[in-house]
Amino acid sequence: MNQLIHLGPSGSTIEVLASATDTGGAASLYRWRLAASSRGPSPHFHTTFNETFVVEEGRSTTSTARRGAR
C-alpha cells in the first residue's frame, strides 16, 4: 500500500510509490501533487543521490545551480 503524506492546509500531497526498502536501496519513487499556491521545497541539494522530475500537468521552475559548484 502506498503511503500518502499531506503537506499542510494547501492540499498538496506526497505519495510514496516505492521506497528504498521496497527496491533494495536502488531507488525511491514519489508522486508530488502541489497546489497552485505551493512554492514547493526550498532550495537544497543532495550529495548522495540524484533527483529526476517529471511534470505531468502545469508548469514548474527549477534551479540546477548549487552553492560552491564547479
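*Asks:* Just checking my understanding: could you explain a nonpolar patch on the surface for this structure?
*Replies:* The grouping of I5, L7, Y30, W32 and L34 at the surface amounts to a nonpolar patch, some 460 Å² of accessible area in total. Checked against the element boundaries, L7 lands in the loop between strand 1 (3-6) and strand 2 (13-18).

*Asks:* Before we go on, may I ask you to explain the pairing of strand 1 in this structure?
*Replies:* The two faces of a sheet get side chains in turn, since along a regular strand they alternate between them. The pairing of strand 1 with strand 2 spans four bridges and is antiparallel. Its bridge partner lying in strand 2, Q3 is registered against V16. The antiparallel hairpin formed by strand 1 and strand 2 contains six residues in its connecting segment, where G8 sits at a positive phi of about 75 degrees.

*Asks:* In this structure, what is going on with the pairing of strand 2? I would like to understand it.
*Replies:* Taking burial as the measure, the six residues of strand 2 include five buried ones, the bulk of the element. When strand 2 meets strand 3 (residues 29-33), the two strands line up antiparallel, connected through five bridges. Residue pairing in the sheet places E15 in a bridge with R31 of strand 3.

*Asks:* Explain the sheet that holds strand 3 to me, please; I cannot follow it from the model alone.
*Replies:* Sheet strands pair by backbone hydrogen bonding; their relative direction is either parallel or antiparallel. Strand order in the open sheet made by the three strands is 1-2-3, with antiparallel pairing throughout. Here the strands that pair on one side only, and so sit at the sheet edges, are strand 1 and strand 3. Shown here is a sheet whose adjacent strand axes are inclined to one another by a mean of 20 degrees, direction ignored.

*Asks:* Whenever I open this one, the confidence of the model for the protein confuses me. Can you help?
*Replies:* Do not read the fine detail of predicted coordinates wherever pLDDT is low. Per-residue pLDDT for the protein has a mean of 84; in total, 90% of the residues score no lower than 70. No element of the protein has a lower mean pLDDT than strand 3, which averages 91, and none a higher one than strand 1, which averages 93.

*Asks:* Please explain the environment of L29 as it appears in this structure.
*Replies:* Mapped onto the fold, L29 is located in strand 3. In this structure L29 comes out as partly exposed when scored by relative accessible area, which is 48%. On a C-alpha basis, the gap between L29 and T52 in space is 9.6 Å, while along the polypeptide they are 23 residues apart. L29 has contacts with E15, V16, L17 and A18, leaving out every residue within four places of it along the chain.

Cut-offs applied
Residues numbered from 1 in each chain as written. Predicted model: local features only at pLDDT ≥ 70, side-chain atom pairs only at ≥ 80, totals over all residues. Heavy atoms only, no water. Patch = residues over 30% accessible without salt bridge, like charges linked within 9 Å, V, L, I, M, F, W, Y side chains within 5 Å. Areas by Shrake-Rupley, 256 points an atom, 1.4 Å probe, with all protein chains shown as cover. Salt bridge = Lys/Arg side-chain N within 4 Å of Asp/Glu carboxyl O. Helix = DSSP H or I, 4+ residues; strand = E, 2+ residues; numbered from the N terminus. Pairing = 2+ DSSP bridges. Buried < 20%, exposed > 50% of the residue type's maximum accessible area, 1.4 Å probe, protein only. Axes fitted to C-alpha atoms, helices over the stretch in contact; angles between N-to-C directions. pLDDT = per-residue confidence, 0-100. Contact = heavy atoms within 4.5 Å.

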